[in-house]
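A closer look at the structure
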Amino acid sequence: MTVPSDVSEPRDVERIRGQIWRNGDPVDGFDLGEISTCLEDPEKLIWADLECPTHETLSRLAAELELDPFAIEDTVAAAERVKTVTYTGHTFVMVYAVSLHDDDTPSEVPDDDDAGSSATAFRASANGRARMFDLHRISVFIKKNALITVRPTPALDIDEVMRRWSDSGAMQYGIGALVHGLLDVVVDGHFDAVQRLDDEIEDLEALLFDERIPGRELQRRTYDLRKDLVVLRRVVLPMREVIAGIQRRRFDNHAPPELDPHFSDLYDHALRASEWTESLRDMITTVFETNLTLADARLNTVMKKLTAWAAIIAVPTAITGFYGQNVPFPGFERMLGFITSVTLIVVVVVGLYVSFRKRDWL
């Protein structure tokens, strides 16, 4: 299971930040080169964040902390799956945070008194719709009392993680609390994205039986939501195993027992998010199949109407054709009659075309 290659992760200006705590109190000043000297001090807790790091910075960090080369390779890879791996001396975690687009509002169900504007709004959202969320990769290295996060893009707001740590007093409970706070922010973002997809699918279900919405645009919207759901499931489903693996190895990091209910609650949130995506997959499949069934039903209705009119028109056509009637009419054997007949044919044909087009018969 890999993350799609269309996840954009442009390189930007390198930024290194971090914090050192001693017995829960922040220590002024931070230098990336000080991490190795603080690893053996049980009174210290270290966090370092590398935003858009260069190859030289990663190589220097890997040499200083003796990080596994395969973990560094996964960090710089173009696309990598969500996972947690325990190497000799440290644990490597790969997760994806999700951020929603604020300007991507769900479509509204058209009201009876505003059919034209609602249908137009749906067409605009269906034709110009982009993905409703972005993925941001976070590589995490856990080594003794040090937590190092590596982010190849500055789009993720790491300040939210720091606020979560500050509100919960995570620095008082060691490295396990920092890991929990980081994963808690990630899982909350997954939950918000799943909620947005659920709202979009519910709106889509309400539009299924609205004949004012063209079937082709409805199918396009359904397909776009299905693609978004596939991308989201690839980063949400493995989070259960990531959190479970950290839970099993929390004793290696001397995590206090006070963190046990917090990790259990985090695992429950990840489990609910993954189960929610499974139900959404069933819902979007049902919407897709229902749309096709309704299209077949509408086609049958159109064929019945056209067959009925064809039968009605066939009776006078057959009678006049059998008797070969050609009686005088206004403009008989004159140019005016030819022009009149051609005009009637064009007007009737265009009128039928417009009428069928409005009913989505063509």
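Residues numbered from 1 in each chain as written. Predicted model: local features only at pLDDT ≥ 70, side-chain atom pairs only at ≥ 80, totals over all residues. Heavy atoms only, no water.

For the rest of this paragraph, the subject is the pairing of strand β6 (residues 133-143). In terms of burial, β6 is largely enclosed, as ten of its eleven residues are buried. Sheet topology note: the strand β5 (residues 90-100)/β6 ladder contains ten bridges and is antiparallel. When the sheet's bridge partners are listed, Thr91 is paired in β6 with Ile142. Note: β6 against strand β7 (residues 146-151), five bridges, orientation antiparallel. Each residue of the ladder has a partner; that of Ser139, found in β7, is Val150. What sits between β6 and β7 in their antiparallel hairpin is a turn of two residues, with Lys144 showing a positive phi close to 55°. (Buried < 20%, exposed > 50% of the residue type's maximum accessible area, 1.4 Å probe, protein only. Helix = DSSP H or I, 4+ residues; strand = E, 2+ residues; numbered from the N terminus. Pairing = 2+ DSSP bridges.)

A separate point is helix α2 (residues 55-65). Among all positions of α2, only Thr57, Leu58, Leu61, Ala62 and Leu65 are buried. Buried residues of α2, seen end-on, are gathered within an arc of 130° and therefore sit on one face of the element. Residues His55, Glu56 and Ala63 are exposed on α2 and point more than 90 degrees away from its buried face. Positive backbone phi, approximately 60°, marks Glu66, located one or two places after α2. (Arc of directions from axis to C-beta.)

For the structure on display, the rule yields 16 salt bridges. Across the pair Arg164 and Glu160 runs a salt bridge whose closest N-O atoms are separated by 3.3 Å. Remark: Glu160 and Arg164 occur in helix α5 (residues 158-168); sequence separation between them is four residues, near one turn of the helix. We classify Glu160 as partly exposed; its relative accessible area is 27%. A cluster of three or more residues bridged by salt bridges with shared partners is formed by Glu160, Arg163, Arg164, Asp184 and Asp188. (Salt bridge = Lys/Arg side-chain N within 4 Å of Asp/Glu carboxyl O.)

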